[in-house]
Amino acid sequence: MELDGIRLRRLTKHGLVRPLDRLEAVRRLCGIQAQFTSCAAHALRIRCSDWEAGGDGLVRNWSLRGTMHIFAESDLPLFIRAEDYRKNDWDDKNFWNSRPDWALTPARQSFFTELIMEALADGPRPRDELRELCRAAGMTEAEAGSMFHPSGGGIRQLCERGFTNCSADGKKQLRAAPLFEPLPESEAKLELVRRYFEYYGPATLRDA
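My aim in this report is to walk through the structure given alongside it, one point at a time. All of these numbers come straight from a predicted model, not from anything done at the bench.

### What to know about the overall build of the protein
Right, on to step 1. If you tally the helices and strands in the protein, you get nine helices and six strands.
Right, on to step 2. When its C-alpha atoms are laid out on the principal axes, the protein stretches across 65 × 35 × 30 Å.
Right, on to step 3. The proportion of buried residues among the 208 residues of the protein is 47%.
Right, on to step 4. When contacts within the protein are restricted to residue pairs at least 6 apart in sequence, long-range pairs at least 24 apart make up 62% of them.
Right, on to step 5. Seen as two clouds, the 31 positive and the 31 negative side-chain charges of the protein have centres 6 Å apart.

The structure is reproduced here in structure tokens:
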């Protein structure tokens with residue numbers, strides 16, 4: 001296959017020749033990187049025939065490479081690891097509670113996790129509103145700095161454990177994640193590799 005043929009094949013599979021349904025687009029691309037939601041929205045707008053539907057069926061969460069991506073809500077089992085799914089136990093050491101400025105004890109983190117999840121049972125809530133709710137329940141400023149850390153903190157841990165998702169529509173809101181059964185890591189990696197070679201190919205192992 002000539003280089004121009006490879007390029008055309010990739011452009012077509014990515015929805016840049018013929019538009020795709022937005023859910024199909026994010027599935028093919030294994031999510032759209034979304035550190036800045038406006039950039040992700042542009043990446044989807046130029047690929048999708050139904051972008052006017054906005055964030056319906058999409059979530060924003062930490063996934064590949066530990067960065068924020070927008071992906072299909074139905075793909076949550078692919079990106080959330082089974083070993084910590086919905087685990088409200090924070091005794092084990094992790095990146096966040098090993099930081100010298102981490103102010104939440106495991107018991108306090110568990111308490112505020114339950115408080116946040118109770119609040120989200122009624123629907124999506126802005127981060128600032130959840131922070132004030134926690135402060136009203138006795139959260140200190142130092143604890144708030146840990147739970148609502150600009151780089152994720154406790155809120156990121158809730159997302160990574162399948163409790164919550166960030167809104168995919170650009171609003172700084174959290175929403176409760178639906179219940180689902182995460183895929184075993186080996187199955188999840190196999191599916192990601194399959195999608196990569198199908199939709200980013202032709203590609204080599206070195207590319208992957």
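### Re the pairing of strand β6 (residues 173-176)
Right, on to step 1. Pairing geometry for strand β4 (residues 125-126) and β6, over two bridges, is antiparallel. Its bridge partner being in β6, Pro126 is matched across the sheet by Gln173.
Right, on to step 2. Bridge count for strand β5 (residues 164-166) against β6 is three bridges, and the pairing is antiparallel. Note that in β6 the partner of Cys166 across the bridge is Leu174.
Right, on to step 3. Hairpin remark: β5 followed by β6, antiparallel, with six residues in the connecting loop; positive phi at Gly170, about 95°.

### Focus on the environment of Glu132
Right, on to step 1. Structurally, the position occupied by Glu132 is in helix α6 (residues 127-136).
Right, on to step 2. Relative accessible area serves as the criterion here: at 44%, Glu132 is assigned to the partly exposed category.
Right, on to step 3. Considering only alpha carbons, one finds Glu132 and Ala144, 12 residues apart in sequence, at a separation of 9.3 Å.

### Some words on the pattern of salt bridges
Right, on to step 1. This model, assessed by the stated rule, comprises 17 salt bridges.
Right, on to step 2. Here Asp75 makes a salt bridge to Arg195, at a shortest N to O gap of 2.8 Å. Here the residue Asp75 occupies a position in the loop between β3 (68-72) and α4 (76-79), and Arg195 occupies one in helix α9 (residues 185-199), the gap between them amounting to 120 residues. The two residues Asp75 and Arg195 agree in class, both being buried.
Right, on to step 3. One salt-bridge network, held together by shared partners, links Asp75, Glu191, Arg194, Arg195 and Glu198.

### Quick notes on unusual backbone geometry
Note on backbone geometry: most residues besides glycine have negative phi, and most peptide bonds are trans.
Right, on to step 1. In this structure, the amide linkage connecting Gly201 to the following residue, Pro202, adopts the cis form with an omega of 0°.
Right, on to step 2. Here Pro202 shows up in the segment after α9.
Right, on to step 3. In this structure, Arg65 is a non-glycine residue whose phi angle is positive, near 60°.
Right, on to step 4. In this structure, Arg86 is a non-glycine residue whose phi angle is positive, near 55°.
Right, on to step 5. Relative to the helices and strands, Arg86 resides in the loop between α4 and α5 (106-120).
Right, on to step 6. Assessed through its relative accessible area of 26%, Arg86 is described here as partly exposed.

About the thresholds
- Residues numbered from 1 in each chain as written.
- Predicted model: local features only at pLDDT ≥ 70, side-chain atom pairs only at ≥ 80, totals over all residues.
- Heavy atoms only, no water.
- Helix = DSSP H or I, 4+ residues; strand = E, 2+ residues; numbered from the N terminus.
- Buried < 20%, exposed > 50% of the residue type's maximum accessible area, 1.4 Å probe, protein only.
- Contact = heavy atoms within 4.5 Å.
- Lys, Arg positive; Asp, Glu negative; His and termini not counted.
- Charge placed at Lys NZ, Arg CZ, Asp CG, Glu CD.
- Pairing = 2+ DSSP bridges.
- Salt bridge = Lys/Arg side-chain N within 4 Å of Asp/Glu carboxyl O.

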